[in-house]
Amino acid sequence: MLIDSHCHLDDEKYVVLDEVIERAADNNVCGILSVAADILEWDKVVSIADTYNNVWAALGIHPYGCCDYQKIKKSAFESKKVVAVGECGLDYAGDNADDKKGQKKAFIFQLDLARELDLPVIIHTRDADKDMGDILSSEYKNKPFRAVLHSYTSGWDLLKIGLDLDFFVSASGIITFKNAPEVRANFEKAPVDKILVETDGPWLAPVPFRGKICEPFMVKYTAEKLAELKDMKFEDIEDITTDNFFRLFNKCL
């Protein structure tokens, strides 16, 4: 069985959610972590998790919405289906990256929250390797925390920092893209007992679904590519990545 460790089931592109969940189950995807990246999404994400036995929720604020971090209330994490903080992190790409100071402040706030709640953190990082590495190292030294670098596309140096801190790293459909050799190289080097698989749906549909709405069932194509990169049997990748998921998100057990 497989776990889609990062999907946005609240997105309006998923018109009939029952069918999305059913297609996942038909393709041996037995669990989905539905992730909120905007505080306005939190209630819907928790409601979805409460509706489906095999769906869990993660609540966070994406760096582009960093100014909302002061609205976070710990009471939102009281549901037994909420198993992580995130996604949160740093994103210095594009026009929305002007407030780097605010992004850092919001990220550290959510790291503190995760440590207080004893929950793992789902980390989003793009074009911010130096600052992200500095924050991860210094904050972990202050007080350890558990984390996954989700849909990882940054450099090996930052990934090495995360792995040295005993973090996990998650592969999305990007590892199937022709123009992503460096991403594949990172996952070839990363230890398999630290790798998760995800869709990041409804975006980043893997080959052969490029350009289509990405659904949780498609995570198997990412897992197949990971098995190829690792020269392992697909069934072994299924077992290992699922075990890794439950080791990190232990509240799901």
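> Which residues make up helix α4 (residues 129-142), and what are the values?
The end-to-end C-alpha distance of α4 is 20 Å, a good match for the 20 Å that 14 residues give at a rise of 1.5 Å each. Of all the positions in α4, only Met-132, Gly-133, Ile-135, Leu-136 and Glu-139 are classed as buried. Down the axis, α4 shows its buried residues gathered within 165 degrees of arc, on one side only. For α4, the exposed residues lying more than 90 degrees away from the buried face are Lys-130, Lys-141 and Asn-142. Buried residues belonging to α4 abut β4 (82-91), α3 (100-117), β5 (121-126), β6 (147-149) and α5 (156-164).

> Residue-level account of the side chain of Gln-110, with values.
The topology assignment puts Gln-110 in helix α3. Within the local environment of Gln-110, its side chain forms a polar contact with the backbone nitrogen of Ile-61, the two atoms lying 2.9 Å apart. The contact partners of Gln-110, leaving out residues within four places of it in the chain, are Gly-60, Ile-61, Ile-72, Val-85 and Cys-88.

> Could you give an account of the layout of surface pockets, with specific residues and numbers?
Looking at the largest pocket, its volume works out to about 500 Å³. Every residue lining the largest pocket is counted, 19 residues in all, and those nearest its centre are His-62, Glu-87, His-124, His-150 and Asp-200. Contributing elements (two or more residues each) for the lining of the largest pocket: β4 and β5. Ranked by residue count, the leading element in the lining of the largest pocket is β5, at 3 residues. A breakdown of the residues in the lining of the largest pocket according to their chemical character gives 5 nonpolar, 7 polar and 7 charged.

> Help me get a handle on the pairing of strand β7 (residues 168-171), residues and values and all.
Side chains Phe-168 and Ser-170 of β7 all project onto a buried face; the interleaved residues Val-169 and Ala-171 project onto the opposite face, where all are buried too. As paired elements, β6 and β7 share 2 bridges and run parallel to each other. For Leu-149, the partnering residue across the bridge sits in β7 and is Val-169. Traced from β6 through α5 to β7, the parallel crossover comes out right-handed. Sheet topology note: the β7/strand β8 (residues 195-197) ladder contains 3 bridges and is parallel. The residue of β8 that forms the bridge with Ser-170 is Leu-196. With helix α6 (residues 181-189) bridging β7 and its parallel neighbour β8, the resulting β-α-β unit is right-handed.

> Account for the packing of aromatic side chains, naming residues and giving values.
Going through the model one piece at a time under the given rule, you end up with 11 aromatic pairs. Look at Trp-56 and Phe-246: their rings are 6.0 Å apart centre to centre, the planes differ by 90 degrees, and that puts the pair in the edge-to-face class. Placement of Trp-56 in strand β3 (residues 55-59) and of Phe-246 in helix α8 (residues 234-248) is noted, with a sequence separation of 190 residues between them. Comparing Trp-56 with Phe-246 shows no difference in burial state: the two are buried.

> With reference to specific residues and values, describe the state of the cysteines.
Under the criterion given, the structure shown has 0 disulfides. Free cysteine Cys-30: the closest other cysteine sulfur is in Cys-252, separated by 11 Å. Note on Cys-30: relative accessible area 28%, which makes it partly exposed.

> Any chance you could break down the nonpolar core for me, citing the residues and the numbers?
The biggest cluster of nonpolar side chains holds 70 residues, and the ones touching the most others in it are Leu-9, Phe-77, Phe-107, Leu-136 and Phe-187. When residues no more than four places from it in sequence are discounted, the contact partners of Phe-187 are Tyr-152, Val-169, Ser-170, Ala-171, Ile-175, Ile-195, Leu-226, Leu-229 and Lys-230.

> Tell me about the pattern of salt bridges, and please be specific about residues and values.
One pass over the structure, following the stated rule, counts 15 salt bridges. We note a salt bridge from Asp-11 to Lys-13, for which the minimum N-O separation is 3.8 Å. Given a relative accessible area of 15%, Asp-11 falls into the buried group. Lys-13 gets classed as partly exposed once you look at its relative accessible area, which sits at 40%. Across the pair Glu-228 and Lys-225 runs a salt bridge, and its minimum N-O distance is 3.2 Å. You can see Glu-228 and its partner Lys-225 sitting in helix α7 (residues 219-230), 3 residues apart, about one turn around the helix.

Definitions and limits used
- Residues numbered from 1 in each chain as written.
- Predicted model: local features only at pLDDT ≥ 70, side-chain atom pairs only at ≥ 80, totals over all residues.
- Heavy atoms only, no water.
- Helix = DSSP H or I, 4+ residues; strand = E, 2+ residues; numbered from the N terminus.
- Expected span 1.5 Å × (residues − 1).
- Buried < 20%, exposed > 50% of the residue type's maximum accessible area, 1.4 Å probe, protein only.
- Arc of directions from axis to C-beta.
- Contact = heavy atoms within 4.5 Å.
- Polar contact = N/O pair within 3.5 Å; in protein donor to acceptor, adjacent residues only side chain to side chain.
- 1 Å grid on protein atoms, 1.4 Å probe; cavity = no way out; pocket = protein on both sides within 12 Å on 5 of 7 lines; lining within 4 Å.
- Points joined across faces, edges and corners; volume = space filled by probe spheres on them.
- Nonpolar A, V, L, I, M, F, W, Y, C, P; charged D, E, K, R; others polar.
- Pairing = 2+ DSSP bridges.
- Right-handed = clockwise from strand over helix to strand, strands pointing away.
- Phe/Tyr/Trp six-rings, centres within 6.5 Å; stacked < 30°, edge-to-face > 60°.
- Disulfide = S-S within 2.5 Å.
- Core = buried A, V, L, I, M, F, W, Y, C linked by side-chain atoms within 4.5 Å.
- Salt bridge = Lys/Arg side-chain N within 4 Å of Asp/Glu carboxyl O.

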